[in-house]
Amino acid sequence: MALILLRRTGFFQCLIICLVVTIAIAFLLGLVPLSSIIDSCDCKPNETKMTGKYTRGNNAKKRLCVIVPFRDRFEELLQFGPHLHKFLYDQNIPHLIYIINQIDKFRFNRASLINVGFLESRSNCDYIAMHDVDLLPINPELSYAFPEHGPFHIASPDLHPIYHYKNFVGGILLINNKHFESVRPVQIFASHLNGMSNKYWGWGMEDDEFYARIRKKSLNLTRPVGITTGSRNTFQHIHDRQKRKRDQGKVYNQREENRRLDMTSGISSVAYKLVNQYNLAIDGTPVQVLNVFLSCNRTATPWCEVVNSQQINKKKTL
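What you are looking at is a predicted structure, and each value in this text was computed from that prediction instead of being measured. Along each chain, residues carry numbers from 1 onward, in the same order as the chain's sequence is written. Reporting in this predicted model follows two pLDDT cut-offs: at least 70 for local features of residues, and 80 or more for side-chain atom pairs to be given and counted; totals over whole chains, interfaces and linings ignore these cut-offs and use all residues. Heavy atoms throughout the structure, all of them, feed into the side-chain values; hydrogens and water do not.

Turning our attention to the layout of surface pockets. Estimates place the volume of the largest pocket at around 710 Å³. Every residue lining the largest pocket is counted, 31 residues in all, and those nearest its centre are Arg73, Phe108, Arg110, Trp203 and Arg246. Elements with a contribution of two residues or more to the lining of the largest pocket: β1 (64-70) and α6 (206-217). Its residues assigned to classes, the lining of the largest pocket comprises 10 nonpolar, eight polar and 13 charged. As defined here, a cavity is a set of points on a 1 Å grid over the protein atoms alone where a 1.4 Å probe fits but cannot get out. A pocket is an open set with protein on both sides within 12 Å along at least five of seven lines, and residues line them when an atom is within 4 Å of a point. Grid points are joined across faces, edges and corners, and a volume is the space filled by probe spheres set on the points. For the second largest pocket, the calculated volume is near 420 Å³. Around the second largest pocket sit 21 residues that line it, and Asn198, Lys199, Ser265, Ala300 and Thr301 are the ones nearest its centre. Under the DSSP-based scheme used, a helix requires at least four consecutive residues in state H or I and a strand at least two consecutive residues in state E, with every element numbered from the N terminus. Under the grouping applied here, Gly and all other residues not named as nonpolar or charged are polar, the nonpolar ones being Ala, Val, Leu, Ile, Met, Phe, Trp, Tyr, Cys and Pro and the charged ones Asp, Glu, Lys and Arg.

Turning to unusual backbone geometry, a few remarks are in order. A positive phi is found at Met205, a non-glycine position, where the angle reads about 80 degrees. Positionally, Met205 belongs in the loop between α5 (177-182) and α6. Owing to a relative accessible area of 33%, Met205 belongs among the partly exposed residues under this scheme. Despite not being glycine, Ser218 shows a phi value in the positive range, around 60 degrees. Position of Ser218 among the secondary structure elements: in the loop between α6 and β7 (235-237). Throughout, exposure labels follow a simple rule: accessible area from a 1.4 Å probe, protein chains only, divided by the maximum for the residue type, with under 20% read as buried, over 50% as exposed, and the rest as partly exposed.

Aromatic rings from Phe, Tyr and Trp, taking only the six-membered ring of Trp, are treated as a pair when their centres fall within 6.5 Å; an angle between ring planes under 30 degrees marks them as stacked, one over 60 as edge-to-face, and anything in between as tilted. Going through the model one piece at a time under the given rule, you end up with eight aromatic pairs. Considering the side-chain rings of Tyr127 and Phe146, the 5.2 Å spacing of their centres and the 80 degrees angle between planes classify their relative orientation as edge-to-face. In this pair, Tyr127 is assigned in strand β3 (residues 127-131) and Phe146 in the loop between β4 (135-137) and β5 (152-153), connecting sequence segments 19 residues apart. The exposure class of Tyr127 is buried, given its relative accessible area of 0%.

DSSP-based pairing: two strands are paired if at least 2 bridges between them are found. Reading across the sheet, the seven strands line up as β5-β6-β3-β1-β2-β9-β8 and stay open at both edges, with mixed pairing between neighbours. Edge positions in the sheet fall to β5 and β8 (272-282), since each has one partner strand and no second. Pairing geometry for β3 and strand β6 (residues 172-176), over five bridges, is antiparallel. Considered in β6, the bridge of Ala129 is made with Leu174.

Attention now moves to the confidence of the model for the protein chain. Looking at any residue, its pLDDT shows the predictor's confidence there, from 0 to 100. Averaged over every residue, the pLDDT of the protein chain is 81; the share at 70 or more is 70%. Note on residues 28-49: pLDDT is under 50 here. Beyond four places in sequence and across chains, it has 14 contacts. By definition in these notes, contact holds between two residues if any of their heavy atoms fall within 4.5 Å. Taken together, the stretch residues 309-318 has pLDDT below 50 and engages in 22 contacts with residues farther than four places along the chain or on a different chain.

Residue count minus one, scaled by 1.5 Å, sets the expected span of a helix. Compared with the 16 Å implied by 1.5 Å per residue over 12 residues, the 16 Å span of helix α4 (residues 110-121) between its first and last C-alpha is a close match. Taking burial as the measure, the 12 residues of α4 include 10 buried ones, the bulk of the element. Within α4 the residues assigned to the buried category are Arg110, Ala111, Ser112, Leu113, Ile114, Asn115, Val116, Gly117, Phe118 and Ser121.

Looking now at the state of the cysteines. Any two cysteine sulfur atoms lying within 2.5 Å of each other are counted as a disulfide. In this structure the tally under the stated criterion is two disulfides. One disulfide bridge connects Cys65 with Cys125, the sulfur atoms lying 1.7 Å from each other. On the sign convention where negative means left-handed, the S-S torsion of about 60 degrees between Cys65 and Cys125 marks this disulfide as right-handed. Pair noted here: Cys65 is in strand β1 and Cys125 is in the loop between α4 and β3, with a separation of 60 residues, a long-range link. Overall, the relative accessible area of 0% leaves Cys65 in the buried class.

Attention now goes to a nonpolar patch on the surface. Nonpolar side chains collect at one region of the surface, where Ile103, Val275 and Phe293 lie side by side and expose about 210 Å² of accessible area between them. As for its placement among the helices and strands, Val275 is situated in strand β8. For Val275, a relative accessible area of 36% corresponds to the partly exposed category. Like charges are joined within 9 Å and nonpolar side chains (Val, Leu, Ile, Met, Phe, Trp, Tyr) within 5 Å, but only among residues with over 30% relative accessible area and no salt bridge; these make up the patches. Note that accessible areas follow from Shrake-Rupley with a 1.4 Å probe, and for residues the cover is restricted to the protein chains shown. Basic side-chain nitrogens of Lys or Arg form a salt bridge, by our definition, when they fall within 4 Å of a carboxyl oxygen of Asp or Glu.

Summed over all chains, the structure comprises 12 salt bridges. Between Asp126 and Arg63 there is a salt bridge, and its shortest N-O distance comes to 3.5 Å. Taken together, the residues span a long stretch of sequence, with Asp126 in the loop between α4 and β3 and Arg63 in the loop between α2 (34-39) and β1 at a distance of 63 residues. Of the residues examined, Arg63 reaches a relative accessible area of 26% and is grouped as partly exposed. Put simply, Arg110, Asp132, Glu206 and Asp207 are held in one network by salt bridges that share partners.

What follows is the structure, encoded as structure tokens:
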């Protein structure tokens, strides 16, 4: 009995000592300014809302916003988000991924969604990546670093799995904010018509227009060099053509108009409504989803909607 009492007494003595030590530590911590604790850790600054590798020494790194034009591609997004996040994290690129989700009833407008993404993200980033959701970089030599001297086309014609013509600038294109705002169809009279054209409803040709604007501005377009892989093993293309057919229909006078350089639209004229915004986590990858209603000037671009299938490829001059 005496042995049992001794053990219990020792237990209570230890318990009391532990409580006293805990209280003392809590008191001492309360005397230390919270700011000094934050400054001493290698953590992500809350004000940037970025993802990537963060240390106190690289807070000045240029920040990337990945702009992904999006509609009904959830399966691809589940693969795209974690893959690109890891790819950029491994390159120590501070980044945000913006999914610009078109939820209106009009035809898909990739260029307008990129314009919207730029407007909504430019205060958070120094440059953007115009990025298709179905194109995944797999060669770690592909750099997403800040393109200081001009647009950098990562998915170059000699590396892209499908498109190989020299004027191609689609898939993945990096451009800094200053250059994106400066790209315009003419040099003098339309200084506000920067960014991408808004007239391309349906699939295709908006990149060709943007290439022409880059040339008009005389920007230095560069592409990856020294890449040891080729068109079959530099990227993974996850688009299922049978399941998700491209909207390649041409209605009204769209075919003729698409051959002309757009002299009337750009960032300043994109008409949209940001309906809501969500923070989404995909396998731990933070993604910002912006649900967007685009507006259409039916007089200027009546091909923004297809009333019935008989209109496809119909050439009608209004």
